[in-house]
Protein chains: 2
Amino acid sequence: METTLAALAPAEARARFRSGERVPTSGWADGFAQANLVSVPREAAYDLLLFCQRNPKPCPLLDVTEPGSWTTPLAPGADLRLDLPGYRVWQDGRLVDEPTDVRGWWADDLVTFLLGCSFTFETALLEAGVPVRHLEQGRNVPMYRTVRECRPAGRLSGPLVVSMRPVPSELVPTAVQVTALVPAVHGAPVHVGNPASLGIDDLDTPDYGDPVEVRPGEVPVFWACGVTPQAVIEQARLPFAVTHAPGHMFVTDLADADLRRAG
Amino acid sequence: METTLAALAPAEARARFRSGERVPTSGWADGFAQANLVSVPREAAYDLLLFCQRNPKPCPLLDVTEPGSWTTPLAPGADLRLDLPGYRVWQDGRLVDEPTDVRGWWADDLVTFLLGCSFTFETALLEAGVPVRHLEQGRNVPMYRTVRECRPAGRLSGPLVVSMRPVPSELVPTAVQVTALVPAVHGAPVHVGNPASLGIDDLDTPDYGDPVEVRPGEVPVFWACGVTPQAVIEQARLPFAVTHAPGHMFVTDLADADLRRAG
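Quantities reported herein were computed from a predicted structural model and do not represent experimental measurements. (Residues numbered from 1 in each chain as written. Chains lettered and ligands numbered in written order. Predicted model: local features only at pLDDT ≥ 70, side-chain atom pairs only at ≥ 80, totals over all residues. Heavy atoms only, no water.)

*Asks:* What's the story with the overall build of chain A in this structure? I'm lost.
*Replies:* Check the secondary structure of chain A and you find seven helices and 11 strands. Over its C-alpha atoms chain A spans a radius of gyration of 17 Å, differing by no more than 12% from the 18 Å that the globule rule assigns to 263 residues. Structurally, chain A occupies a C-alpha span of about 50 × 50 × 35 Å along its principal axes. Looking at chain A as a whole, 58% of its 263 residues are labelled buried. As displayed, chain A offers around 9900 Å² of accessible surface, 52% of which is attributable to carbon and sulfur atoms. Across chain A, the mean location of the 22 positive side-chain charges is 4 Å away from that of the 32 negative side-chain charges. (Helix = DSSP H or I, 4+ residues; strand = E, 2+ residues; numbered from the N terminus. Rg over C-alpha atoms; globule rule 2.2 N^0.38 Å. Buried < 20%, exposed > 50% of the residue type's maximum accessible area, 1.4 Å probe, protein only. Areas by Shrake-Rupley, 256 points an atom, 1.4 Å probe, with all protein chains shown as cover. Lys, Arg positive; Asp, Glu negative; His and termini not counted. Charge placed at Lys NZ, Arg CZ, Asp CG, Glu CD.)

Structure follows, in structure tokens:
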């Protein structure tokens, strides 16, 4: 009997990625939180930590490692250099490599930031009756740079990046309420319905990920996205950084339920 | 006609403190958020920022300044070196001064952290019918070091400090729900009813602030407290730091309503 991707345990998903499988993680290991990864040298870590504090919607922090460490309490036994299905390596703000293993790029002073990912609330959306188009279409989620500027921190500044899901008009309030409950994975949408006012000219040409169909009676709903630091790394021409490849997330052992608000 | 302390505008309150008035700020400038202050040299700021990220209940960040700056968008025109009613100055973890003006201690590399304060939710408690005893008794709130350890960050570690308000048993659920709505000012209590399990032997001898009366039918309710970094500064023997004096907070222009959850 074949195990569906949704039914995989997080460690099983990570083992497949460790063996080299390169695939977006939306729909994998249902019920467990996924995370964006950003690794920067210690000398840039204060600016990035402050950037996350000042921009909690795109950058909700789940964990920050000690310098050089590739482990996290979010997934004991995992190796952050191997267990994601795709990485991006950046030098002076330019993308220089897209490996599935970043051991060759690792350094003793790299501090790794794990940020909540909106894939985490897709199970809750489906349970509430809200369709998730990129899952239906077997694609990566579409992501867009916007004209909204993040609040800068030190040398770091750049545009807000958003993910988009088309939602039937009558279900927009449900989608807002369901996702508002989980601020640790971006929370409520930042924008509903008007791509142009975010500076998005054409939904069919996303800056990251794949386009998806928007059907009659649906409106595009935009959530803050953990790819934002990648746009910031580019703009700041940071000497060095490692990130996940958009949509190719770190699957943690943290249950979605652990992220629901308990203030 | 005399203006009550509660009816003062934040700028009026700050002007009185700037002129040297030394008094706890509970009950002042109703409806506006108050903040804890912690200033540390830039070289210690990464550890403190990480400590706050790892311990959001005692250390909910409202703002982090640029090095050397004494201004904040939370209160345009305010001077963070003058406008609090009491400061503490720390050297090697020892309290060395308790001035009402820290201009003489200021340095170009000081980064100031402003953390939410539980005084902010006292208006909401009163509106919900929950009495606030230290206000009734005209005292500072009692605060206690606990045996709960915070999650360390770099050189920084130490115990969780809590504030205590006695609440009639039947109103404890109300107190929890009202304060859970404002995580930016410590949110829901961390503990209800059993001081001994927090390592507090005697409620009548708080580590900071004043004791208050606990009446029959009331239980002590404990909230995480922004004095926690002061206990951490002591334990870490940080070479230098400036903080507010416990209970003598920075009154901001931020309306309480702005802090309610919008995820």
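*Asks:* Help me out: how do you make sense of the sheet that holds strand β8 (residues 191–192) of chain B in this one?
*Replies:* Strands belonging to one sheet form pairs held by backbone hydrogen bonds; the direction of such a pair is parallel or antiparallel. Residue and element names in this part refer to chain B. Reading across from one edge, β6-β7-β9-β8 is the order of the four strands in this open sheet, with antiparallel pairing throughout. Of all strands in the sheet, those bounded by a partner on one side alone are β6 (143–149) and β8. Where β8 and strand β9 (residues 218–224) come together, two bridges link them in antiparallel fashion. Directly across from H191, in β9, lies its bridge partner F222. Against the sheet, helix α5 (residues 172–180) touches β7 (159–168), β8 and β9, its axis set at about 15° to β9. Contacting β6 and β7, helix α6 (residues 228–236) runs over the sheet at an angle of about 150° to β7. (Pairing = 2+ DSSP bridges. Contact = heavy atoms within 4.5 Å. Axes fitted to C-alpha atoms, helices over the stretch in contact; angles between N-to-C directions.)

*Asks:* Would you mind showing me how to read helix α1 (residues 10–18) of chain B here?
*Replies:* An α-helical turn contains 3.6 residues, so a residue and the one three or four places further along point in the same direction. All names here are of chain B. For α1, every residue scored as buried is listed here: P10, A13, R14 and F17. The buried side chains of α1 occupy one side of the element, clustering within an arc of 95° when seen end-on. Where α1 is buried, its residues contact β1 (32–41) and β11 (250–255). One or two steps after α1, the chain reaches G20, where phi turns positive at roughly 110°. (Arc of directions from axis to C-beta.)

*Asks:* What is the right way to read the interface of chain B and chain A from this model?
*Replies:* One frequent convention defines the size of an interface as the accessible area lost when the parts assemble. With 23 residues of chain B at the contact, the number on the chain A side is 23 residues. Together, the buried faces of chain B and chain A total about 1800 Å²; carbon and sulfur atoms form 49% of this surface. At the boundary of chain B with chain A, the tally comes to four salt bridges. A salt bridge links B:R54 to A:E66, with the shortest nitrogen-to-oxygen separation between them at 3.3 Å. Counting only elements with at least two residues in the side of chain B that touches chain A, the list comes to α2 (42–54) and β2 (61–64) of chain B. (Buried area = accessible area lost by both parts, 1.4 Å probe. Salt bridge = Lys/Arg side-chain N within 4 Å of Asp/Glu carboxyl O.)

*Asks:* Please clarify how the pairing of strand β1 (residues 32–41) of chain A should be interpreted in this entry.
*Replies:* Here is the key point about a regular strand: its side chains alternate between the two faces of the sheet. Residues and elements named next belong to chain A. In terms of residue burial, β1 counts as a mostly covered element, since nine of its 10 residues are buried. Where β1 and strand β11 (residues 250–255) come together, three bridges link them in antiparallel fashion. Its bridge partner lying in β11, A35 is registered against F250. As paired elements, β1 and strand β5 (residues 110–116) share seven bridges and run antiparallel to each other. Bridging across to β5, A35 finds its partner in G116. The sheet contact formed by β1 and strand β10 (residues 240–244) spans two bridges and is antiparallel. Looking across to β10, one finds that S39 is bridged to V242.

*Asks:* Looking at this structure, I do not really get the pattern of salt bridges. What am I missing?
*Replies:* Charged atoms that come close allow side chains of opposite charge to pair. Residues and elements named next belong to chain A. This model, assessed by the stated rule, comprises 34 salt bridges over all chains. When the shortest N-O distance is used, the salt bridge between R133 and E218 registers 2.6 Å. You can see R133 sitting in helix α4 (residues 133–136) and its partner E218 sitting in strand β9 (residues 218–224), a full 85 residues away along the chain. Summarising the burial analysis for this pair, R133 and E218 share the class buried. Residues joined by salt bridges that share partners form a network here, namely R133, E136, E213, R215 and E218.

Read these as geometric descriptors, not functional statements.
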